[in-house]
Amino acid sequence: MAEKLMLRRTTWQAMRRHVNRRAPQEACGLLAGNNGRVEISLGIRNAEQSAVRFRMEARAQWRAFERIEAAGMELVGIYHSHPNGPDHPSPTDIAESMYPVAQIIWVRVDGEWRARCFQIEGGKVAEITLELITASCINT
Ligand SMILES: [Zn+2]
């Protein structure tokens with residue numbers, strides 16, 4: 001189980017733009033990379049078009065997974081927003097969690113978006129560290 005998820009500030013900003021654009025509906029997307037490090041974020045249409053739940057549009061999700069595989073990456077995280085809270089996974093999020101990867105939840109508090117990261121496994125939720133890294137750290 002991952003203890004932290006690393007991502008660049010630019011990726012964090014791209015996600016924030018996406019969830020802000022979709023509000024007041026929930027936004028959702030996939031995070032791809034390797035070894036707990038995010039390289040790209042892929043916004044996926046919320047098929048529910050709901051302010052209180054999300055379901056990734058199936059074809060868009062499929063295309064995203066193809067793109068991730070073609071790039072030699074793997075799924076390292078999922079993100080979605082709670083425009084009206086809470087700042088943690090809802091009972092539905094826990095019940096419907098399908099992938100054992102880090103889950104970022106964006107919550108809007110007083111007009112500001114904040115991201116928290118969790119691991120949901122077997123009905124249990126644990127918060128993990130979301131570490132912002134600079135682009136220069138990416139080179140390996
Ligand atoms: Zn949720």
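Okay, so let's go over this structure. (Residues numbered from 1 in each chain as written. Predicted model: local features only at pLDDT ≥ 70, side-chain atom pairs only at ≥ 80, totals over all residues. Heavy atoms only, no water.)

## Structural notes on the coordination of the zinc ion
Taken together, His80 (NE2), His82 (NE2), Asp93 (OD) and Asp93 (OD) make up the full set of protein donors to the zinc ion, lying 2.0 to 2.5 Å away. Metal-centred angles of 57 to 158 degrees between the four donor atoms at the zinc ion mark the site as irregular. One chain supplies every donor for the zinc ion, spaced along it as H-x1-H-x10-D. For the pair His80 and His82, one class covers both residues: buried. (Donors = N, O, S within 2.8 Å, 3.2 Å for Na, K, Ca; no water. Tetrahedral: all angles 85-135°; square planar, octahedral: opposite > 155°, others 65-115°. Buried < 20%, exposed > 50% of the residue type's maximum accessible area, 1.4 Å probe, protein only.)

## A word on the pattern of salt bridges
If charged atoms from side chains of opposite charge come close, those side chains can pair. The full count for this structure, using the stated rule, is seven salt bridges. Linking Glu39 and Arg8 is a salt bridge whose minimum nitrogen-to-oxygen distance equals 3.4 Å. Of the two residues, Glu39 sits in strand S3 (residues 37–44) while Arg8 sits in strand S1 (residues 4–8), which places them 31 residues apart along the sequence. Take Glu39: its relative accessible area is 19%, and that puts it in the buried class. Within this structure, Arg8, Arg37 and Glu39 form a network of salt bridges that share partners. (Salt bridge = Lys/Arg side-chain N within 4 Å of Asp/Glu carboxyl O. Helix = DSSP H or I, 4+ residues; strand = E, 2+ residues; numbered from the N terminus.)

## Looking at the pairing of strand S2 (residues 28–34)
One face of the sheet, then the other: side chains in a regular strand alternate in exactly this way. Within S2, six of the seven residues are buried, which leaves the element mostly enclosed by the surrounding structure. Sheet topology places S2 next to S3; seven bridges connect them, and they run antiparallel. By the bridge assignment for S3, Asn34 is matched with Arg37. In this structure, the hairpin formed by S2 and S3 is closed by a connection of two residues, where Asn35 is found at a positive phi of approximately 50 degrees. Bridge analysis of S2 against strand S4 (residues 74–82) gives six bridges, and the strand direction is antiparallel. Following the sheet pairing, Cys28 is matched in S4 by His80. (Pairing = 2+ DSSP bridges.)

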